[in-house]
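# Working through the structure, step by step
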Amino acid sequence: MQQYPHLFSPIQIGKTTVKNRIFMPPLSTNLADKGYVTDALIEHYSNRAKGGVGLIVTEVTTVEPVYTYLPGDMSIYNDTYIPGWKKLVDAVHRYDTKILSQLFHPAYMAFPLPGTPQLIAPSNVGPYYAKAAPRAVTVEELHTIVRQFGEAANRFQQAGGDGVEIQAAHAHGLLGGFLTPLYNKRTDEYGGDLDARLRLTLEVIAEVRKQCGEDFIIDVRISGDEYSDGGLTLNDMIYVSKQLEAAGVDFIHVSGGNTIKRGSSMPAPGTSPAPHAHAAQEIRRQLHIPVSTVARINEPWIAEELIANGKTDICMIGRPNLCDSEFANKAAAGRTDDIRPCIGCGRCLTGIMFGKPISCTVNPSVQSDTIPPADEKKKVLVIGGGPAGMEAAYVAKMRGHEVVLCEKEAELGGLLRLAAVPIGKQELCKVIKYMAGRLRQAGVEVRCNCEVTPAMLSSDFSDYQAICTTGAKPKQIEAFACFKQTMTADDILSGKGFPGRKVVILGGGSVGCETADYLAPLIDDRFPANREVTVIEMTDTLMAGEGGPAKSALTQRLMRKGVNLVLNGIVTNVDETTITYQKDGVEHTIFDADTLVFAVGYTPVPVIHKKAVLIGDCDKVGNLKDAITGAYTAVKNL
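A tally of helices and strands in the protein yields 18 helices and 28 strands. Projected onto the principal axes, the alpha-carbon positions of the protein cover approximately 75 × 65 × 50 Å. Relative to its full complement of 638 residues, the protein shows a buried share of 57%. Entry remark: accessible area of the protein is about 26,000 Å², with carbon and sulfur atoms responsible for 51%. With 65 positive and 71 negative side-chain charges, the protein shows a spacing of 3 Å between the two charge centroids.

A separate point is the state of the cysteines. Counted by the stated rule, this structure contains zero disulfides. Looking at Cys429, it has no disulfide partner, and the nearest cysteine sulfur is the one in Cys345, 15 Å off.

On to the packing of aromatic side chains. The final tally for this structure, using the stated rule, is eight aromatic pairs. Summarising the aromatic geometry, the rings of Phe23 and Phe251 are spaced 5.9 Å apart at their centres and angled 80° between planes, so their arrangement reads as edge-to-face. Note that Phe23 is positioned in strand β3 (residues 22-24) and Phe251 in strand β11 (residues 251-255), a separation of 228 residues in sequence. Phe251 shares its class with Phe23; the two are buried. Measuring from ring centre to ring centre gives 4.8 Å for Tyr108 and Tyr183, while their planes differ by 70°; the resulting arrangement is edge-to-face.

The alternating pattern of strand β12 (residues 291-294) places Val291 and Thr293 and Ser292 and Val294 on opposite faces, both of which are buried. The pairing of β11 with β12 spans three bridges and is parallel. The partner of Ile252 across the bridge, within β12, is Val291. By the bridge criterion, three bridges tie β12 to strand β13 (residues 314-316) in an arrangement that is parallel. Bridge assignment links Val294 to a residue of β13, and that residue is Met316.

The geometry of helix α16 (residues 510-519) relative to helix α17 (residues 548-560) is characterised by a closest axis approach of 10 Å and an angle of 45° between their N-to-C directions. As judged from the angle between their axes, α16 and α17 are oblique. For the element pair α16 and α17, the recorded crossing hand is left-handed. In this structure, α16 uses Cys513, Glu514, Ala516 and Asp517 to contact α17, whose residues at the interface are Leu554, Arg557 and Leu558. In the contact of α16 with α17, the residues fall into four nonpolar, no polar and three charged.

Moving on to the nonpolar core. Within the largest apolar cluster, 141 residues are counted, with the highest numbers of intra-cluster contacts made by Trp85, Leu88, Val208, Leu244, Ile252 and Ile283. In this structure Trp85 touches Val37, Thr58, Thr61, Met74, Ser75, Ile76, Ser101, Phe156 and Ala159, once residues within four positions along its chain are discounted. Listed in part, the 18 residues of the second largest apolar core include Ile492, Leu519, Val533 and Val563.

Thresholds applied
- Residues numbered from 1 in each chain as written.
- Predicted model: local features only at pLDDT ≥ 70, side-chain atom pairs only at ≥ 80, totals over all residues.
- Heavy atoms only, no water.
- Helix = DSSP H or I, 4+ residues; strand = E, 2+ residues; numbered from the N terminus.
- Buried < 20%, exposed > 50% of the residue type's maximum accessible area, 1.4 Å probe, protein only.
- Areas by Shrake-Rupley, 256 points an atom, 1.4 Å probe, with all protein chains shown as cover.
- Lys, Arg positive; Asp, Glu negative; His and termini not counted.
- Charge placed at Lys NZ, Arg CZ, Asp CG, Glu CD.
- Disulfide = S-S within 2.5 Å.
- Phe/Tyr/Trp six-rings, centres within 6.5 Å; stacked < 30°, edge-to-face > 60°.
- Pairing = 2+ DSSP bridges.
- Axes fitted to C-alpha atoms, helices over the stretch in contact; angles between N-to-C directions.
- Parallel < 35°, antiparallel > 145°, perpendicular 65-115°, else oblique.
- Left-handed = near helix turned anticlockwise from the far one by under 90°.
- Contact = heavy atoms within 4.5 Å.
- Nonpolar A, V, L, I, M, F, W, Y, C, P; charged D, E, K, R; others polar.
- Core = buried A, V, L, I, M, F, W, Y, C linked by side-chain atoms within 4.5 Å.

Below is the structure:
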């Protein structure tokens, strides 16, 4: 707390005092059961309360029964939900943490469960991914929905909750949709000018206040700027915030962007911290109630600076608290190196739309860090010091085993060291540093520059349970190795290979695109020293299997830099000086390339110990999340 005095000072929200300025914003978990609170939800939120968060805003909580946001989201549309909510509230209050429920009507963003009627919206304008146009909601329906918001808030109050958040940000759901001119094309009392578009949100606030009284916290989440042509501007939202304060709102939760412009509301990894802080600062200057900001506040010092420099009163810290439930406690104790680093990859939410529960790349046990002791203590040898090996060694040590980790290179990290090299991937360095530091603290014996041989397995480690995490090696296409200069993407990222000025990369997956991004000039200014980079991908998409802000940001960067992206391109012939490919039945030959780069996938490294437990890429090539989660799961049951 001495290191971050502003962050850990109390703050007055309405008539309630909150112990610190670290609030947890809503993050969907898919842990509810038909809208009801489950034991998993209680554990999830109480762990964050135990971890020191001052106030928690729960995930989306629907206020009526017809439209579902996600199959596993929460609800409170009738009294049968109150007992479960009371258990959750009591569990959070046990740690002097306040809790708000985020009330929400999904409207045109509802999940299309069988039997769902036509979706409603401000107008017959649906989101870009809609499969059918919604219908404009009627004024009579709006009056009913306003009452349902108030009744839902009252039920949460009966459960002991401290207040509610009204979601009106991101052109998201009914209220956000009514507020933005991108979706609201109405000409009645709920559309047209900004005051009319804000009317529905003000009616909801008035109804909640009427049913719950003055002691109940109401906050409204807004986009301080939608960053979109035709969308809400900062000037719009300063005005809106003044109206919200006049309506009796207790604080404003300033986010930004919308669901239309991908990456604007949920920023891509590697982008600047606190991207919406400028909007929060401008809004805060005009108000007398507290203001919060949110997004990519991944380290305590960032939050401290934002508050100390007057940009915000509160920091909403979401995914970092998901990644490490003890984020706040560790920051308060000055143990920042012990905070498990959130890399902003967004994989926590990747499976949400497919009904999977929330997860984390770096923290395979999102719910609890409890690792049960082993019934039988063993000697364990971990072969390989990449992310899978480091996770396996740590979990084995925590279970009480005697552990030795052998890594043939001079440093730990494996392929993760190369993955951290491209633009926007620097936060992976924090993962390596954290995992290596955790091994030291746990007392794991780590031997670098130590390649395990069959002789060692039959002598020094003959009585050890072996765990093999030796990873994978990049593939090469032997028929194309005749080109005058070839190398793999890994060669480039490791510094073992240095390409020329006209580079062709085979493979438009994540590795190929990130390597192209790394090699291409920062700006496409035709400077003579710039590299000319071509990516040839045989399918019709880049980075297949990836999605969200990271993919969008990287694709946009490649296009801005002038990288030549060839999709549906099949390389048919390579000789010493030319590369020939077919696209759409037309043959093209590249005559002036000087380097051919292979980014065509990986193959598992052969395993020398046939009885070893195989984990990570040496078992099945996957991503970082696969490696860490696989190691955690396998060794937790060893």
